[in-house]
Each structure stands twice: as C-alpha cells, then as structure tokens.
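Observations on chain architecture
Okay, here's what each chain looks like letter by letter:
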Amino acid sequence: MPHPEREHSPAHPAPAHPHHATLRRLEKSSGRLAANAIARMDETLPWYRAMPPENRSWIGLVAQAGIAAFTEWFRHPDTPQAISTDVFGTAPRELTRAITLRQTVEMVRTTIEVMEAAIEEVAAPGDESILREALLVYAREIAFATAQVYAQAAEARGAWDARLESLVVNAVLSGEADEGALSRAAALGWNSPEHVCVVLGTAPDGDSELTVEAIRRAARHHKLQVLTGVLGDRLVVIAGGSDNPLQVAKSLIGPFAAGPVVAGPVVPDLLNATKSAQAAAAGLKACTAWQDAPRPVLADDLLPERAIASDPSAREQLVEEIYRPLEEAGSALLETLSVYLEQASSLEGAARMLFVHPNTVRYRLRRVTDVTGWSPSDVRSAFTLRIALILGRLADGDQQP
C-alpha cells in the first residue's frame, strides 16, 4: 500500500538533459551564429549580394530557423522532427522561384560551415565530438528536407504549367487565341518564334504526361519550341522555329499513335496559329478519303479532300491560289488545262481538240505548273487542279446576275 504522503507529493522533476551545458550555450549563441552565417553568405556568395533586400531578409530568416531547429533537435534527438516545415516554412513559397536549388544548397552549406567552425566555442568541455556528430546528422536531414521542398515546388509548378499549356493549346485549336494566350505562353517559356505550325494526330493510349514529355524531348533534340497537349483522343503540337512544316512533323512524329498525322501551314506567330490548327484539323478529318496519304502529310496536300468535305477555307484556297492565277494568266491556259484533263492527260488528244501542235500544249502545261505550283502530268496534282477548276467555275457562276 503506498504511503499517503507520497500520493500527494509533487511530481518528480524531469531528468536534466545529458548535455545541458552545451544546450544552454547553443541557445545563447544561436543569434550570433545566424548573424555570422549571413555575413559569410554576403562575403562568399555573389548571387546573395545581388538579391533584392526582401529576398535577403527571407534567406536570413531561413538561416535563423535552421539554427533554431538544430537547437531543438539537439534537445530531443530521438523525437522525429519536421525539419522542412521548421526551417523552410518561415519563407514564402515564392522563394523557391527566387533562388535555385543550387543556391539553396550553397546557403545551407555556408550555414553548416559556420556552425561547425563554432563547435569548439559552443560545446561544453568534453561535448565537442557529440555536438559535431549531431551537426553531421542534422546536415543530412537538412539535405533531404531541401530536396523535398524543391521537389514539391517542382510538382506544383509542373501541374500549374500543364494547366496553362492546356489552356493555350485549347485556345489555338478553338480559334480563341488572344493576348491572354500569348501571356500564358510567355509564362511557359515561349519566346515568340517567327515561324509557327500546328501538327495533329491521334494520341497514344496510356499516360498523357509521358506522351507530352516525349514530344518535348523530340523538340529539344531538333531545336524546336513546342506547346503541346492531349485533347480527347488528339495529340496537338504547336511548334515554332522552322519554316518547313513537313520536316517539323517528321521530327515530332515518334510519340503519335498509329494513323494519319497532319501538319498545318506555317503562320507568322502564335496569334495566327489558329489558321494552321484549323487546316490541320480539317486535313485530319479528310484523310479518310485519301487512303494512300503519306505519313505525315501537309494539310495543303489534302486541299481537294478538304474541299469536298465542305471545308470553306480549302475551297477558297483552291480558287484563289489556282483558278484565279490561271484566269489572270489568260484564257488559253485555263482552256488547255481543262481539255488536257478531259482527254485523260493525253497531249495528242488535247492538241487535236484545241487544233494546236502537241508542243504548244506541252508549253502551256509547263506554264500552268509555273503559275500554280501543281503539275498537270502528276496524277495527284491533276486531281487537285480539276477540283480547283470546278470550284472556280462554280464561284464565277455564283457571281453572275
């Protein structure tokens, strides 16, 4: 049975810290150590001196928090400590953008070196090795905490960047690109290249982030700028830095799933990229009509299929870039081309119908190629020219009263 007097006696005082004297001296020295660490940074780290006063003050608070956290950790070495919160929680999240991971490592190293140099002065006699060992363990924990803070910041920044990029890509594809889209693109590192085109195809199954990263790797390898994303089942790439859209598509085709890949025409900037995107989208839809289309293929090579599929821009392009120039070059070219196509691409047959020498037909067809860029002797080009003639005549008919 317990003694009655013992039941009401005050609780026994907690045992003193095994290194009480060192702990007291460490507590008294924390402010001076932090000041010494800041002075050392100012002396040895040029990037620290170049920083604005606000950021330097935040770094000073981080150094003070680190020394205070070490003191608390030394007081309770067996208690798990949330070092990342204790140390880096004093600074705003924006600080991870203001200073790089390398600079943070230099800052931590400088602070640890200042503390290590003061061990002989701070530690009570006989505790030097204990304090040094504790500092080494703490430095390891700070290293892990630093990596965790920057990893979390990178993940958050990556998620935010992905949302921004998706907004830009969607704006271009939907025809809503404006100054806001330009600002978002600039925040993602887009530096307004002179030549821009849009490449469309089917997105592969699986993780879309892996697909996007594969596009970025290919773009870096070929020195292209890209904004990319997976929208539904489509993989969309806005590429800048090359005036050859077919070569761009070939450079980036690896991550696309099987099926057609279409490159829109080159435009001068991101605000005009909607034109390239719409042409590529129309071409992707029309690809089913050209079973033997190359992969990748230019949207402009699909003009006849796009026109038949009721793409107004393709119809206008065929009329304005083929029919009108031929019309302006003289009626002989239009008549010769029409007869030649009707005669199954026969020079002799066309010559007989026109009552001219075959060499005259041959000369006029060369002029057609010079004017339009399409050769009547090529089967695919002849098909495009025929559709352009049909659309041009329909347009002329619509203009008659």
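This report concerns the structure included in the present document. (Residues numbered from 1 in each chain as written. Predicted model: local features only at pLDDT ≥ 70, side-chain atom pairs only at ≥ 80, totals over all residues. Heavy atoms only, no water.)

The next thing to look at is the packing of aromatic side chains. If you walk through the whole model with that rule in mind, you get three aromatic pairs. Between Arg380 and the ring centre of Trp290, over which it is positioned, the NZ or CZ distance is 3.5 Å. (Phe/Tyr/Trp six-rings, centres within 6.5 Å; stacked < 30°, edge-to-face > 60°. Lys NZ or Arg CZ within 6 Å of the ring centre and 35° of its normal.)

Where like charges cluster on the molecular surface, the negative patch consists of Glu316, Glu320, Glu321 and Glu328. Checked against the element boundaries, Glu316 lands in helix H15 (residues 312-329). (Patch = residues over 30% accessible without salt bridge, like charges linked within 9 Å, V, L, I, M, F, W, Y side chains within 5 Å. Areas by Shrake-Rupley, 256 points an atom, 1.4 Å probe, with all protein chains shown as cover. Salt bridge = Lys/Arg side-chain N within 4 Å of Asp/Glu carboxyl O. Lys, Arg positive; Asp, Glu negative; His and termini not counted. Charge placed at Lys NZ, Arg CZ, Asp CG, Glu CD. Helix = DSSP H or I, 4+ residues; strand = E, 2+ residues; numbered from the N terminus.)

Under the counting rule described, the total for this entry stands at 13 salt bridges. Among the ionic pairs, Arg75 bridges to Glu27, the shortest N-O distance being 2.4 Å. Within this pair, whereas Arg75 is found in helix H4 (residues 53-75), its partner Glu27 is found in helix H2 (residues 20-44), the two being separated by 48 residues in sequence. For the salt bridge of Arg75 with Glu72, the shortest nitrogen-to-oxygen distance reads 3.4 Å. Here Arg75 pairs with Glu72, and both are found in helix H4, just three residues apart, close to one helical turn. What makes Glu72 partly exposed here is its relative accessible area of 33%. (Buried < 20%, exposed > 50% of the residue type's maximum accessible area, 1.4 Å probe, protein only.)

What follows covers the pairing of strand E1 (residues 196-202). Taken residue by residue, a regular strand's side chains alternate between the two faces of the sheet. In terms of burial, E1 is a largely internal element, six of the seven residues being buried. Relative to strand E3 (residues 234-240), E1 runs antiparallel, the two being bridged by seven bridges. Within E3, the residue paired with Gly201 across the bridge is Leu235. Pairing of E1 with strand E4 (residues 262-263) involves two bridges; the strand directions are antiparallel. Across the sheet, the residue bridging to Val199 is Ala263, located in E4. (Pairing = 2+ DSSP bridges.)

Before going further, it helps to spend a moment on the nonpolar core. In terms of nonpolar packing, the biggest core is built from 33 residues, with Met41, Trp47, Ile59, Phe70, Met107 and Leu131 touching the most fellow members. Listing elements by their share of this core, those giving two or more residues are H2, helix H3 (46-49), H4, helix H7 (101-117), helix H8 (119-122) and helix H9 (128-174). In terms of residue count, the dominant contributor to this core is H4 (eight residues). Each residue touching Trp47, except ones within four places of it in the same chain, is listed here: Ile59, Ile99, Gln103, Glu106 and Met107. Among the nonpolar cores identified, the runner-up in size contains 28 residues, and Ala314, Val319, Leu354 and Val361 belong to it. (Core = buried A, V, L, I, M, F, W, Y, C linked by side-chain atoms within 4.5 Å. Contact = heavy atoms within 4.5 Å.)

As a further point, take the environment of Leu337. Here Leu337 is to be found in helix H16 (residues 331-342). Classification of Leu337 by relative accessible area gives buried; the value is 0%. Remark: the alpha-carbon pair of Leu337 and Leu365, spanning 28 residues in sequence, is separated by 6.8 Å. Ignoring anything within four residues of it in the chain, the contact list for Leu337 reads Leu326, Leu365, Val368, Pro376, Leu385 and Leu389.

Attention now moves to the packing of H2 against H7. Two elements in contact, H2 and H7, have axes whose closest approach is 9 Å; the angle formed by their N-to-C orientations is 130 degrees. Between H2 and H7, the interaxial angle falls into the category oblique. Note on packing geometry: the crossing formed by H2 with H7 is right-handed. Contacts between H2 and H7 pair Leu33, Asn36, Ala37, Arg40 and Met41 from the former with Met107, Thr110, Thr111, Glu113 and Val114 from the latter. When the residues that make up the contact of H2 with H7 are grouped by side-chain class, the tally is five nonpolar, three polar and two charged. (Axes fitted to C-alpha atoms, helices over the stretch in contact; angles between N-to-C directions. Parallel < 35°, antiparallel > 145°, perpendicular 65-115°, else oblique. Left-handed = near helix turned anticlockwise from the far one by under 90°. Nonpolar A, V, L, I, M, F, W, Y, C, P; charged D, E, K, R; others polar.)

Right, let's talk about the sheet that holds E4 for a bit. A sheet is described by the order of its strands in space; here five strands give the open sequence E2-E3-E1-E4-E5, paired in mixed fashion. Strands at the two margins of the open sheet, each flanked by one partner only, are strand E2 (225-231) and strand E5 (297-298). Packing against the sheet, helix H11 (residues 208-221) makes contact with E2 and E3, and its axis sits at approximately 160 degrees to E2.

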